[in-house]
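A closer look at the structure
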Amino acid sequence: MEDGTKILSSSVASQLDAHRKYGGVVPELASREHVRAIVAIVREALEMANTRLEDLDAIAVTNGPGLVGSLLVGLTYAKALCFAHNIPLIGVHHLEGHIQAAIIGIDIEYPALALVASGGHTHLFECLSEGKYRLEGRTRDDAAGEAYDKVSKLLGLGYPGGPVIDALAAHGNPRAVRFTSPKLKGNLSDFSFSGLKTAVLRWTEARDLGAAIEARKRCHKPSIEQLLELTDQETIDMLASFQWLVIEELLNRAGRAATRIGAKALLIGGGVAANRGLREAVKARRWDFPVYFPETKWSTDNGVMIAVAGYVRWKQKRFSGLDLKAQANLPLAQ
Ligand code: KG4
Ligand code: ZN
């Protein structure tokens, strides 16, 4: 990144193929794939940006939260590069990356509300000023992306579940199955998705879908057209209904929280922010604050979002020492 606004290059080493046959991320595999990819991916990013390590003003790296084996690979490599070339190191929180990806090159007004919905998180943060956050609410059980992935696995739709269910849902009736919103006591800004996941499980168990599920499982990386052929309309309607409630939950709770805190903007990031249904649903809401999404390709994990968040810290001279630790559970704010 140049000046935190201009994207010079982006290289993403996806390891989805390595994990797909296990139906989710396998931690040991993930670390090994990171080791395998990191040297080449950094070199490629530098080459595409037409720059050299020596010319960098800082290196931003995720130090948490996440799988500690994967974090360690990135962090150790970044530290080594910084040490060898005398470059400042900036540790970045994964969720700050997702938040900042929504406002690359945009000056927003504060306070703002940020919704991060990914495979591991569904959190609301109040953004008090640039780079300063307060936890407003969070999921009490599954993350939104996790619900997608579990429902997908249950129905033999593969991993990750979000993009596939999003595509299938576009062919279904979102009001066919009336899933109910969870009743949560306490913090109005909290979420819960495990009840919905269980409702999908019960719905599936009540039908004779075994053969269709097995048929879908046998396909290697099926196209949406293939999946549509292998899936009955009732199931597609159910998936559309599932997605409808996930979106309702995310937007209702985020919208009400934004109003409560007097937010002047709503930022929506994380893998689930790639969801087409979610983006459409936002357009239909008549909120009196603007909503910002990352470009779809910066919604799911990528290096650009870490560089952008790194720039925010760089401006504030919040550098990290070479003793920075990788933390599996690193809070962004309390
Ligand atoms: O942010 P991300 O790439 O990785 C984590 O930090 O977890 O998010 C990945 C999650 C997965 O659960 C995936 O199923 C979900 O984001 N996801 C989606 C879509 N694309 C990815 N969920 C709903 N709709 C999508 N289009
Ligand atoms: Zn993420």
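What you are looking at is a predicted structure, and each value in this text was computed from that prediction instead of being measured.

**What to know about the overall build of the chain**
When you go through the chain residue by residue, the secondary structure sums to twelve helices and seven strands. Along the three orthogonal principal directions, the C-alpha set of the chain runs to about 60 × 45 × 30 Å. Looking at the chain as a whole, 47% of its 334 residues qualify as buried. Relative to all contacts within the chain whose residues are 6 or more apart in sequence, the contacts with residues 24 or more apart total 76%.

**Structural notes on the pattern of salt bridges**
Under the criterion given, the structure shown has 20 salt bridges. Note that Arg 202 and Glu 205 form a salt bridge whose closest N and O atoms lie 3.1 Å from each other. With Arg 202 and Glu 205 both in helix H7 (residues 194-205) and three residues apart, this pair spans about one turn of that helix. Under the relative-accessibility criterion, Glu 205 is labelled exposed at 54%.

**A look at the coordination of the zinc ion (ligand 2)**
Around the zinc ion (ligand 2), the protein supplies His 94 (NE2), His 98 (NE2) and Asp 301 (OD) as donor atoms, at distances of 2.0 to 2.1 Å. Each donor residue of the zinc ion (ligand 2) belongs to the same chain, and together they define the spacing H-x3-H-x202-D. Taken together, the positions of His 98 in helix H4 (residues 94-100) and Asp 301 in the loop between strand E7 (291-292) and helix H12 (303-315) put the pair 203 residues apart, joining distant regions of the chain. Residue classification places Asp 301 among the partly exposed residues on the basis of a relative accessible area of 48%.

**Brief notes about the environment of Lys 197**
Relative to the helices and strands, Lys 197 resides in helix H7. Between the C-alpha atom of Lys 197 and that of Tyr 148, which follows or precedes it by 49 residues, the distance is 8.4 Å. Within the local environment of Lys 197, its side chain forms a polar contact with the side chain of Asp 142, the two groups lying 2.8 Å apart.

**Some points on the sheet that holds strand E6 (residues 266-269)**
In space, the five strands of this open sheet follow the order E5-E4-E3-E6-E7, with mixed pairing throughout. Here the strands that pair on one side only, and so sit at the sheet edges, are strand E5 (132-138) and E7. Helix H10 (residues 233-261) rests against strand E3 (112-117), strand E4 (122-129), E5 and E6 of the sheet, and its axis sits at about 160 degrees to E3.

**A short note on the environment of Arg 202**
Note on Arg 202: relative accessible area 48%, which makes it partly exposed. Counting along the chain gives 72 residues from Arg 202 to Ala 274, while the straight-line C-alpha distance between them is 28 Å. A distance of 3.1 Å separates a polar atom in the side chain of Arg 202 from a polar atom in the side chain of Glu 205.

**Brief notes about the pairing of E4**
Taking burial as the measure, the eight residues of E4 include six buried ones, the bulk of the element. Of the pairings in the sheet, the one linking E3 to E4 comprises six bridges and is antiparallel in character. Paired with Leu 115 across the strands is Leu 124, a residue of E4. The turn linking E3 back onto E4 is made up of four residues.

**A closer look at the domain arrangement of the chain**
Under the domain assignment used here, the chain contains domain 1 (16-100 + 299-315) and domain 2 (108-293). The straight-line distance from the C-alpha centre of domain 1 to that of domain 2 is 27 Å. Each partner contributes residues to the interface: domain 1 has 17 residues there, and domain 2 has 20 residues. In this assembly, domain 1 packs against domain 2 so that about 1600 Å² is buried in total across both faces, 65% of it on carbon and sulfur atoms. The largest per-residue losses of area from domain 1 upon contact with domain 2 belong to Arg 20, Leu 95 and Ile 99, which jointly make up 36% of the total buried on that side. When the shortest N-O distance is used, the salt bridge between Lys 221 and Asp 17 registers 3.4 Å. Put simply, domain 1 and domain 2 have eight residue pairs in polar contact (both at pLDDT 80 or more) between them. Going through the elements one at a time, helix H1 (16-20), H4 and H12 are the ones with two or more residues in the side of domain 1 that touches domain 2. Considering every element that reaches the side of domain 1 that touches domain 2, the biggest residue donor is H4, with five residues. Among the residues forming the side of domain 1 that touches domain 2, the class breakdown is seven nonpolar, six polar and four charged.

**Considerations on the site of ligand 1**
Around ligand 1 sit 19 residues in total, of which His 98, Gly 119, Asp 149, Asn 275 and Asp 301 are the nearest. Every element with two or more residues in the shell around ligand 1 is listed here: H4, helix H5 (144-154) and helix H6 (161-169). For the shell around ligand 1, a count of residues per class yields five nonpolar, eleven polar and three charged. Residue assignment places the shell around ligand 1 across two domains, with domain 1 (16-100 + 299-315) and domain 2 (108-293) each supplying three or more.

Conventions used here
Residues numbered from 1 in each chain as written. Chains lettered and ligands numbered in written order. Predicted model: local features only at pLDDT ≥ 70, side-chain atom pairs only at ≥ 80, totals over all residues. Heavy atoms only, no water. Helix = DSSP H or I, 4+ residues; strand = E, 2+ residues; numbered from the N terminus. Buried < 20%, exposed > 50% of the residue type's maximum accessible area, 1.4 Å probe, protein only. Contact = heavy atoms within 4.5 Å. Salt bridge = Lys/Arg side-chain N within 4 Å of Asp/Glu carboxyl O. Donors = N, O, S within 2.8 Å, 3.2 Å for Na, K, Ca; no water. Polar contact = N/O pair within 3.5 Å; in protein donor to acceptor, adjacent residues only side chain to side chain. Pairing = 2+ DSSP bridges. Axes fitted to C-alpha atoms, helices over the stretch in contact; angles between N-to-C directions. Domains from an automatic or database assignment. Buried area = accessible area lost by both parts, 1.4 Å probe. Nonpolar A, V, L, I, M, F, W, Y, C, P; charged D, E, K, R; others polar. Near = heavy atom within 4 Å.

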